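What the coordinates show
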Amino acid sequence: MTEKINPRDKSSARPWFMCSAIAIGLAVVLIAILSHPSRQSSALPWLEAYTPGTESEICQQVPKLSPTNKQVEHYIRETVDSVEYQQQIIKKLSGIIQIPSESYDELGPIGEDDRWNIFFQVEGYLKKKYPTVFQNVKLDHANTHGLILTWQGSVPPSQAKPIVMLAHQDVVPVLTENVKDWTHPPYDGHYDGEIIWGRGATDDKGYLISIIESLELLIKSGFTPKRTIILAFGCDEEISGENCGRPISDFLHRQYGNDGIYLIMDEGSTGIQREFDRSFAMVGVAEKGYIDVGINVSSTGGHASNPPDHNAIGILSEIVVAIESNPFLGQITSKNPMFHFLECAAAYASESSFPMSVRRTLSKAAAQDSNVSQEQLDQALGNMRYHFRTSQSVGKINGGVKINAIPETASTMVNLRLAVEISISQVEAYYESLVKTIAGKHGMEFKGFHSPCDPSVPRKICLFGVDALEPAPVSPLDAEAYRILSGTIKNVLRPLAEDDELIVTPYLMPANTDTKFFWALTKNIYRFTPVNLVENLNRAHTTNEFIRAAEFVREPLFFTSLILNADDIVD
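Conventions used here
- Each chain has its residues counted from 1, following the order in which its sequence is written.
- In keeping with the predicted nature of the model, local features appear solely for residues at pLDDT of at least 70, side-chain atom pairs appear and are counted solely at 80 or more, and the whole-chain, interface and lining totals rest on all residues.
- The side-chain numbers reported here are obtained from all heavy atoms of the structure, hydrogens and water having been left aside.
- Runs of E in the DSSP output that reach at least two residues are strands. Runs of H or I that reach at least four are helices, and both are numbered from the N terminus.
- For every residue, the accessible area (1.4 Å probe, protein chains only) is compared with the maximum for its type, and the residue is labelled buried under 20%, exposed over 50%, or partly exposed between those bounds.
- Contact definition: two residues touch when any of their heavy atoms are within 4.5 Å.
- Note on definitions: angles span 0 to 180 degrees between N-to-C directions of axes, and those axes are lines fitted to C-alpha atoms, for helices only across the stretch in contact.
- Every angle not falling under 35 degrees, over 145, or within 65 to 115 is termed oblique; those three ranges are roughly parallel, roughly antiparallel and roughly perpendicular.
- Left-handed is the label given to a crossing in which the near helix is rotated counterclockwise from the far helix by less than a right angle, and right-handed is the label when the rotation is clockwise.
- Ten residue types, Ala, Val, Leu, Ile, Met, Phe, Trp, Tyr, Cys and Pro, are classed as nonpolar, four, Asp, Glu, Lys and Arg, as charged, and the remainder, Gly among them, as polar.
- Planes of paired rings set the category: under 30 degrees apart is stacked, over 60 is edge-to-face and the rest tilted, where pairs are Phe, Tyr or Trp rings (Trp by its six-membered ring) whose centres lie within 6.5 Å.
- Either the NZ atom of lysine or the CZ atom of arginine qualifies as a charge over a ring when it sits within 6 Å of the ring centre and within 35 degrees of the ring normal.
- By disulfide we mean two sulfur atoms from cysteines, separated by a distance within 2.5 Å.
- Each helix should span, by expectation, one fewer than its residue count multiplied by 1.5 Å.

Within the secondary structure, proline 67 is located in the loop between helix 2 (43–49) and helix 3 (70–80). On the accessibility criterion, proline 67 (0% relative accessible area) is buried. The spatial distance from the C-alpha of proline 67 to the C-alpha of threonine 488 is 8.8 Å, given a sequence separation of 421 residues. If near-sequence neighbours (up to four positions away) are discounted, proline 67 is found in contact with Glu73, Asn491, Ser561, Leu564, Asn565 and Asp568.

Relative to each other, helix 4 (residues 83–97) and helix 5 (residues 118–129) sit at 160 degrees, their axes nearing to 10 Å. As summarised for this structure, helix 4 and helix 5 are arranged roughly antiparallel, according to the angle between their axes. The two elements helix 4 and helix 5 meet at a crossing, and its hand is right-handed. Between helix 4 and helix 5, the contacting residues are Lys91, Lys92, Gly95 and Ile96 on the first element and Val122, Tyr125, Leu126 and Lys129 on the second. By residue class, the composition of the contact of helix 4 with helix 5 is four nonpolar, one polar and three charged.

Scanning the entire structure with this criterion turns up 10 aromatic pairs. Centroid distance tyrosine 207 to phenylalanine 559: 5.2 Å. Interplanar angle 80 degrees. Geometry classified as edge-to-face. Of this pair, tyrosine 207 sits in helix 7 (residues 205–221) while phenylalanine 559 is found in helix 17 (residues 555–568), placing the two residues 352 residues apart along the sequence. With respect to burial, tyrosine 207 and phenylalanine 559 carry one shared label: buried. An aromatic cluster of at least three residues, connected via ring pairs, comprises Tyr207, Phe528, Phe558 and Phe559. Here arginine 227 stacks its cationic end above the ring of tyrosine 262, 4.0 Å away from the centre of that ring.

What follows concerns the state of the cysteines. What the rule picks out here adds up to three disulfides. Each sulfur of the disulfide joining cysteine 453 and cysteine 462 lies 1.7 Å from the other. Torsion about the S-S bond of the cysteine 453 and cysteine 462 cystine: about 65 degrees, corresponding to right-handed handedness. On the basis of relative accessibility, which here comes to 34%, the residue cysteine 453 falls in the partly exposed class. Cysteine pairing in the chain follows 1-4, 2-3, 5-6, where each cysteine in a disulfide is numbered by its order in the sequence.

With 17 residues, helix 7 extends 24 Å from end C-alpha to end C-alpha; this agrees with the ideal 24 Å at 1.5 Å per step. Within helix 7, 16 of the 17 residues are buried, which leaves it mostly tucked inside the rest of the structure. Directly beyond the C-terminal end of helix 7, a positive phi value near 95 degrees is found at glycine 222.

The structure is reproduced here in structure tokens:
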């Protein structure tokens, strides 16, 4: 995996489900009672609202939604269940894994840097394996390697907005020195009869093959869509999306305009998980924001034999200590999708998995007991606390060139992932207030994020931001598109225990996908991978990335069903 931390780095998303059930149970209690003023007068109504088996409006589930075109549905199910088909789609995924389409942070422009040429091989492979698809879709290119496949519907987009399904062709690089750590070589696409191994198996070539396969199945079934279907494959999601993700979005925006798309689907970071003895399908309805904050300290140099009390490195160290000593406080609000997931967990978990005794011990917080501190809240939330607060991590530091010379400059970079309730301007103001105080203490000039840093001033502290991205808009849970997605999930996907029910719940993506470029096209952006993702996204971005074949081969059934269900509502 690459050293650089960026919003595409999904490996940075620590799996919150490592917390104990009790810890998350405490979190549910605190979150619910602190966020529902109507329940704060008494603990009893709150306890009833979150007691399994009681009538409640919390986390209501839609019924299973099956396509009305039973002939097409039967054809697809029969095909997907056949051994011959499963062998073929596994070979297709193995084949595309064998193309090492790595994207690098320092890539030059497309057309100038030869390392982009690997994506010609990806396009050629898809055309070779899916001739039926390419005979029925219109292929457009965005900045050479962004692929846009449009299957035109019979109803104009002005009357039936299109569906867009996103995936990316690129993978994070495999360092040469790490190849020896792989059980099977990362670009062999090895299939051992149960698992498909290799870089991109989960992130994101399995998803890409599944959605193009869904078009292949629908075309071969004889289905003709009323609603236009668009597949879009980026080439640089892992490094920024600026070379393909943004151009694809710009292309679609020119075609369909603001709010011109019905639904956008992209990869998710959690998929299906089993917690509290229940199975949950976790749909990403928002993403945390992002910013890298740079801090440059400049001071006078000289010989180390006559140093000042505090040189540039010392002052920078003081700033780093101030940053780490003053973390962002958590905000627990119903705007956060994780709040709604915890509601679902509380509503559907059994009392044995989610003890009522734990809830009762915290009933005092129903009266907004002032003894419930931020520290207690963080302790209850455990590893999950950063789903509710802005994280900050000092990732790089530079300063000094010679041991006997006083450093004239020192700098650091801080990576932040913004909570859904906070904005970039608030982060900037917070950092400015911290650092300005230290600058004043040392008699240094201070320049904030949007002020020019004067090179002629010898003693100064300057702040700047890189790759700033506001938190994504939260996609609506009451939208028709979300209900169709939920009903499709309930109809197609299986819970992780035979006697269980699959509960569809919203979820927060701690990292970012190419959807960050598509906000203007629709409010209905959902991120979901229809498989059970374990071991941090099936070890995506690290050694031994894999996907279970039994789950992968059924992904096209999910996507075809979603397309059919969305088509059924078109007049």
